[in-house]
Every structure is written in C-alpha cells, then in structure tokens.
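Structural overview
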Amino acid sequence: MKAVHFGAGNIGRGFIGLLLSQAGYDIVFADVNKAVVDALIERGKYTVVLAGEERETVQVDGVTALNSDADRQALIQAIAEADLVTTAVGVSVLKHIAGAIAGGIERRIRELRSSRPLHIIACENAIGASTQLRDFVYAQLDEELKQDADKLIAFPDAAVDRIVPGQSHKDILKVTVEPFYEWVVDASQMFQGYIPIPGVKYVPRLQPYIERKLFTVNTGHCSVAYFGNLHEYDTIHAAMDDPEVARHVANVLKETGAVLVAEHGFDEEEHLAYIVRILQRFRNPALRDEVVRVGRSPIRKLSPGDRLALPAAKAFDGGRSNLHLARTMAAALLFRSPDDPEAQRLTAMVETSGPERTVTEICGFPQDHPVQLEILNQYELLQSRFFK
Ligand SMILES: NC(=O)C1=CN([C@@H]2O[C@H](COP(=O)(O)OP(=O)(O)OC[C@H]3O[C@@H](n4cnc5c(N)ncnc54)[C@H](O)[C@@H]3O)[C@@H](O)[C@H]2O)C=CC1
Ligand SMILES: O=P(O)(O)OC[C@H]1O[C@](O)(CO)[C@@H](O)[C@@H]1O
C-alpha cells in the first residue's frame, strides 16, 4: 500500500508517518523543505523517540520524499496511484497543496481510469480541515470531474492529538514525540469497505471528538503559551510551574468543559479526568516545548471557528462563564514573538487600529458583544499590569 503525506514536519514524521509505516504503508512525503526532502530520499528512514520514562526509539522505514514545488509531475503521479493521502502542513497551507491534489485526482480518474476509492485526510488542528481541503480541491476540478470525484474520492475529517515540540537534534529527520496519541476519523465520510489503519479510531460523528480535543488540549495549551509569554517564560513546562498560570488554564478548561458537557453530553467526572490527563501532558518534563511554538499564529487561533472565540461564543450563548477565555484572548493580543509573522501583524493591527477594531475583525464579535467587551476589559488590565 502506498500513502502520500503532505508535510514532513513534526506531526508528519512523528505521528502520521510513524502510524502509517507501522500499518504497512510505503510513504512518499511531499514537502517544500529541501534539506528534509533530500535526507528522506537519501536515507529512506528516520528515527522517532518516544519521550516517556524509557525514551524508546522507533525506526520508520520504507519512506521517500518529493519536493511539492519542484517535483510537481511526480507528485501528481504519486497521488494518482496512492491508496491514501494525508496532510499535516498547517490549515493555512491547505489551499497551496490543493492544486497538486486536484492534478492527482484528474490523472487518476481521466488517465489511469482508476475506479479505486481514495481517502484524503487532513490531519490539522481545525474543525473540518478535510472538508476545507475538499473545497479548495473542488474549486480546481471541472463539473464532470467533480461528479466522478464524488463517487471515488472522500475527504473524511479527523482530529489528531500528539504533542510534538520543535526539534533540536543534530539529525534533521529525528523527531521526539510524547508517547500519547489519538487519531480519530469520521467514518461517516468514508467509503464502505475501507481498510482501517491500526491505532486510528473511526467514529460515526466526529464533532464531539474534535471539539473536545480542540477546546481542551489546544485551548488549554495556548492559554499557557499566551500567559507564559506575558510572564516571559520560554517553555510551557516553566509556565505551568507558575501557580498563577496553572490556575488560569484550569479555569479556562472549566469554562470549555462546561460547554462540552452541555453540548455533547460527556460525563462530567470523565471529562474532569480528561482535563487532568491533559494538564499532566503539558507538564511532561521530557518535552521542551517552546511557548512561541504553542502560541504561534495568534490570528488563526483567535479566528471565529477556532479554539478561543468559538468556545467563548458557545459559553456566552449558553449563559455560561467565559471570563477566562476572554482573558486568554486578551493575552493573545499581547503575544510577542519576533519570528512569527502573525504575531507581528497582530501587534501592528492593535497599534494602528486599536484593540476594539482588531478584536471585531479577527474574532468576529460585533462591537458591543459582551464577550468582545470582556476581552477589551481584560486587555486593559493585562496591558497596564505587564506593559506599563
Ligand atoms: N506539533 C504538534 O504537536 C501538532 C500539530 N498539529 C497540526 O499538524 C499540522 C502540522 O504541524 P507541525 O507538524 O507541528 O508543523 P511543522 O512546521 O513541523 O510541519 C509542517 C510541514 O509542512 C511543510 N509545508 C509547508 N508548506 C508546504 C507545502 N506547500 N507543501 C508541502 N509541505 C509544506 C513544512 O515545510 C513543514 O515541514 C498543523 O496543522 C498543526 O496544527 C496537530 C496536532 C499536534
Ligand atoms: O499547531 P497549532 O494549531 O499552531 O497549535 C499548537 C498546538 O498543537 C499541538 O501542537 C498539538 O495539538 C499542541 O501542542 C498545541 O496546542
């Protein structure tokens, strides 16, 4: 079996590539990072270190790579012949890889006349990422091809959970990951008779899983990052050791937990245990996870459908507390990360347009919305405490 995976980065190599290889797939990574692509071609294998007590290492082999810009025709051919296509490139990059996928679908259906179904799974931190990718791909197909693709190509949405921090190994392919992982796929969007990937959980309805993951792991993690950044901690671990930061994140997760329990009927005790496990994962001493990585792309993280504004809106609509979510959003407006283009853009927006217009534009709340007012109130408090 052959898989094409877009994005040979942390999650690509440390999670999706590892599981697919263990499932018996030969993997073609598609990436724009020449050094990584060349190393994968030359060696055909890499090492994953599980950052648990034993620091177990796993060898991933049967891999190669293509440069998704320079090797476009070979990539289209690989997609046309693939048994599975996956991505872990960042949700904002999906539009850039859609052309190659559309080309692969066209070649598969029109030239190879293949009637084999193909699943394309976007493994990104977002609700409906595969569906978003499908929209970008379909925008590049003609009407007849869209109708054929409806029958042969599926884009099941997924939730992926494994903390893979930035890497600092001498070996550019080696990747250290936390031992925990969860990959959940929406079975209702798959073709009947699909071959399950061992380790993947197939569920009839993804929404409770993706919301539980995004509003707990990701909302909690970025709350640590934005407060850690205000307190000038470099790592998540150091920030979690500060009782004020730890208390804040626990309060945020109480707010999102109340939304999740009310909307999806999760058992309250079980959800509390889920939160406790996640807070322990943030504290994993074997992972050096940078605050600037976890807080990266604050404009995306503050956007209406993402991990902050969406649970805050849901909490407000349900008459529940959203104060701590608003405080995290205010801290996000103050996120300073010199190498992060979105953090730079956000700082400039706040400086030129002011916090009020910035929050409306980015988070999508109307100007007099109570959540918006609370974000602005918290922003004033944080700004005068940390910057005056
Ligand atoms: N790192 C983590 O702990 C987790 C990350 N995720 C999600 O996985 C996705 C990837 O994240 P990471 O692996 O951390 O990022 P990363 O930056 O380590 O990897 C992204 C890879 O995509 C490549 N890329 C960028 N543009 C490309 C293009 N046009 N074509 C092909 N490849 C391209 C980059 O060169 C890089 O190798 C994101 O959506 C993230 O939210 C999800 C769960 C955990
Ligand atoms: O990858 P994003 O969406 O920028 O967010 C970073 C988050 O993703 C993770 O890397 C994994 O979900 C977390 O460590 C962190 O919360």
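Residues numbered from 1 in each chain as written. Chains lettered and ligands numbered in written order. Predicted model: local features only at pLDDT ≥ 70, side-chain atom pairs only at ≥ 80, totals over all residues.

What to know about the domain arrangement of the protein chain
For the protein chain, the assigned domains read domain 1 (2-205) and domain 2 (208-387). Spacing between the C-alpha centres of domain 1 and domain 2 amounts to 28 Å. In this complex, domain 1 contributes 16 residues to the contact, which on the side of domain 2 involves 17 residues. Per-class residue counts for the side of domain 1 that touches domain 2 are 8 nonpolar, 4 polar and 4 charged. (Domains from an automatic or database assignment. Contact = placed C-beta atoms within 7 Å. Nonpolar A, V, L, I, M, F, W, Y, C, P; charged D, E, K, R; others polar.)

Description of the site of ligand 2
What surrounds ligand 2 is the set Asn 125, Asp 161, Ile 163, Val 217, Asn 218, His 221, Cys 222, Val 294, Arg 296 and Ser 297. Among the elements that make up the shell around ligand 2, the one with the highest residue count is helix 7 (residues 207-230) (4 residues). Tallied by class, residues from the shell around ligand 2 come to 4 nonpolar, 4 polar and 2 charged. Composition of the shell around ligand 2 by domain shows at least three residues from each of domain 1 (2-205) and domain 2 (208-387). (Near = placed C-beta within 6 Å. Helix = DSSP H or I, 4+ residues; strand = E, 2+ residues; numbered from the N terminus.)

Observations regarding the nonpolar core
Core analysis: the largest hydrophobic core is formed by 125 residues, its most contacted members being Phe 15, Ile 79, Ile 101, Ala 158, Val 224, Ala 312 and Met 329. Examining the composition of this core, we find that 11 residues originate from one element, helix 7, more than from any other. Residues contacting Ala 312, with those up to four places away along its chain left out, are Asn 322, Leu 325, Ala 326, Met 329 and Val 371. (Core = buried A, V, L, I, M, F, W, Y, C linked by C-beta atoms within 7 Å. Buried ≥ 20, exposed ≤ 12 C-beta atoms within 10 Å, placed from the backbone.)

A short note on the sheet that holds strand 9 (residues 158-161)
Strand order in the open sheet made by the 3 strands is 9-11-12, with mixed pairing throughout. Each having just a single partner strand, strand 9 and strand 12 (200-203) make up the two edges of the open sheet. For this sheet, the mean inter-axis angle between neighbouring strands, taken without regard to orientation, is 15 degrees. Where strand 11 (residues 182-186) lies against strand 12, 4 bridges are found, and the strand directions are parallel. When the bridges of strand 12 are listed, Asp 186 appears paired with Val 203. Across the face of the sheet, helix 7 comes into contact with strand 9, strand 11 and strand 12 while running at roughly 35 degrees to strand 9. (Pairing = 2+ DSSP bridges. Axes fitted to C-alpha atoms, helices over the stretch in contact; angles between N-to-C directions.)

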